[in-house]
Amino acid sequence: MHSCLAPSSSEGQGMRAGVISGILPWRISGPVSVPLYSTKQLPRTLRQTGHRRKTKCQRWINCAVGSENRALVSGWLGGKKKSPLQMLYDPDMGPRSALAEVHRQRRDLLRRACSRHTRRQRLLRPEDLRHVLVDDANGLLYCYVPKVACTSWKRVLLALSGRSRGDPLAIPAQEVHAPGRLPSLADFSPAEINRRLRAYLAFLFVREPFERLASAYSNKFVRPYSAAFQRRYGTRIVRRLRPRPRPDALARGHDVRFAEFLAYLLDPRTRRDEPFNEHWERAHALCHPCLLRYDIVGKFETLAEDAAFVLGLLGLPGLRFPAPPRAQAAATHDRAARLFQDISPFYQQRLFHLYRMDFLLFNYSIPSYLRLH
């Protein structure tokens, strides 16, 4: 995804060649000409962050923001401090950690899977970048996938950028997800997009597709605080798929069954009428990992370790990510197994085909609770 990697890094050289040869293109529609940069000639961000007061980050994150972020930006762009991207690929960092090797292998697996399973490469459009959030202060690009700790990651980015004050855990979810709170890469011009693609560390977090799907269903169609979501999507599902529905179900959409939800996803009319909602859209369709080259592919199943690795590249001491306890990950597996046990093998097979690319690209095995044969 980048061309500004350390010259002595063999992996960095390979990635630079990949960008130029178009093996994994990150092109923007329209003529765009972007020169190559060495690590000593990194392009400056287009806008320096303005003066902000220092934000106090409590409980789980201690970070430098505001005016200190301006020093950080000017520092790593001026060569005084290495950027997160340089830190990842720097061969002089000393012995490589086991986790760094894990992420190198994930990059290689993703690149090979893209080569094997995508036949035609198309031009990348600006709208493809809507889910890629930008942190200019720290040189980060984060593609968020709903139901993969994206609320926590947005809180971290808001705290790092100085856009929110106080304890990040106290930032209300509606504020975290409000449009415009964090800039999207799609909001910039092609030249500005390319500049950030070359200089910034790009990462995303993914999750076993069916566990993510089960989590989306439970969160949006079972819990009572999702009434607005249920009125929008639940009523549509009930009206289309349930014979002789009750009037209250038609009005509220509050009692959608899991089988009805899956039938709605598999119905050709659903995607013909409008794109999938982001909560059940496939991760590869949100983040386009075969068009954009990601430096780190984190996984929900190893969230604590992977998040710590990303934040460690920032070089800010005391940075912590509020990962859920491991018991919660086990609970999501059990929930998915319980929901899918009543789904016929025929519909399990069709659903697997729908989410097949997420399984292949991110190296997930077929869940043991499925009956595909």
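Preceding this section is the structure that the text describes.
The shown structure was predicted, so the numbers you read here are calculated from the model rather than taken from an experiment.

Student: I would appreciate a short explanation of the pattern of salt bridges in the present structure.
Tutor: Pairing of side chains with opposite charge becomes possible as their charged atoms draw close. Per the stated rule, a full pass over the model turns up 21 salt bridges. Here Asp128 ties to Arg125 by a salt bridge, and the two come within 3.7 Å at their closest N and O atoms. On the accessibility criterion, Asp128 (6% relative accessible area) is buried. Between Arg240 and Asp273 there is a salt bridge, with its nearest N and O atoms 3.4 Å apart. Of this pair, Arg240 sits in helix H9 (residues 227–241) while Asp273 sits in helix H12 (residues 268–273), and the two are 33 residues apart along the sequence. What makes Arg240 partly exposed here is its relative accessible area of 22%. The exposure class assigned to Asp273 is exposed, which follows from its relative accessible area of 54%.

Student: Even after reading the chapter, I still don't get unusual backbone geometry, so can you show me in this structure?
Tutor: Comment: phi is negative for the bulk of residues other than glycine, and the bulk of peptide bonds are trans. Positive phi, normally seen in glycine, also occurs at Ala149, with a value near 60°. In this fold, Ala149 is placed in the loop between strand S2 (140–143) and helix H5 (150–161). The backbone of Arg244 shows a phi angle near 50°, a positive value even though the residue is not glycine. Topologically, Arg244 is positioned in the loop between H9 and helix H10 (247–252). Residue Arg244 is classed as exposed on the basis of its relative accessible area, which comes to 78%.

Student: What is the right way to look at the nonpolar core in this model?
Tutor: Within soluble globular proteins, side chains that are nonpolar tend to cluster in buried spots. Core analysis: the biggest nonpolar cluster contains 95 residues, and Trp153, Phe261, Leu265, Trp280, Leu351 and Tyr355 have the highest contact counts within it. Setting aside anything within four residues of it in sequence, one finds Phe261 in contact with Leu213, Tyr217, Phe221, Ile237, Val256 and Trp280.

Student: Explanation requested: the packing of aromatic side chains in the structure shown.
Tutor: Both the distance between ring centres and the angle between the ring planes are used here to describe each pair of aromatic rings. All chains considered together, the criterion is met by 25 aromatic pairs. Between the aromatic rings of Tyr142 and Phe203, the centroid separation amounts to 5.0 Å while the plane-to-plane angle is 25°, which identifies the pairing as stacked. Residue Tyr142 is located in strand S2, and its partner Phe203 is located in strand S3 (residues 201–206); the two are separated by 61 residues in the primary sequence. Phe203 matches Tyr142 in its accessibility class, with the two residues each being buried. Between the aromatic rings of Phe229 and Tyr233, the centroid separation amounts to 4.8 Å while the plane-to-plane angle is 35°, which identifies the pairing as tilted. Of this pair, Phe229 and Tyr233 both sit in helix H9, 4 residues apart, which is roughly one turn of that helix. We note Arg196 situated over the ring of Phe188; from NZ or CZ to the ring centre the distance is 4.0 Å.

Rules and cut-offs
Residues numbered from 1 in each chain as written. Predicted model: local features only at pLDDT ≥ 70, side-chain atom pairs only at ≥ 80, totals over all residues. Heavy atoms only, no water. Salt bridge = Lys/Arg side-chain N within 4 Å of Asp/Glu carboxyl O. Buried < 20%, exposed > 50% of the residue type's maximum accessible area, 1.4 Å probe, protein only. Helix = DSSP H or I, 4+ residues; strand = E, 2+ residues; numbered from the N terminus. Core = buried A, V, L, I, M, F, W, Y, C linked by side-chain atoms within 4.5 Å. Contact = heavy atoms within 4.5 Å. Phe/Tyr/Trp six-rings, centres within 6.5 Å; stacked < 30°, edge-to-face > 60°. Lys NZ or Arg CZ within 6 Å of the ring centre and 35° of its normal.

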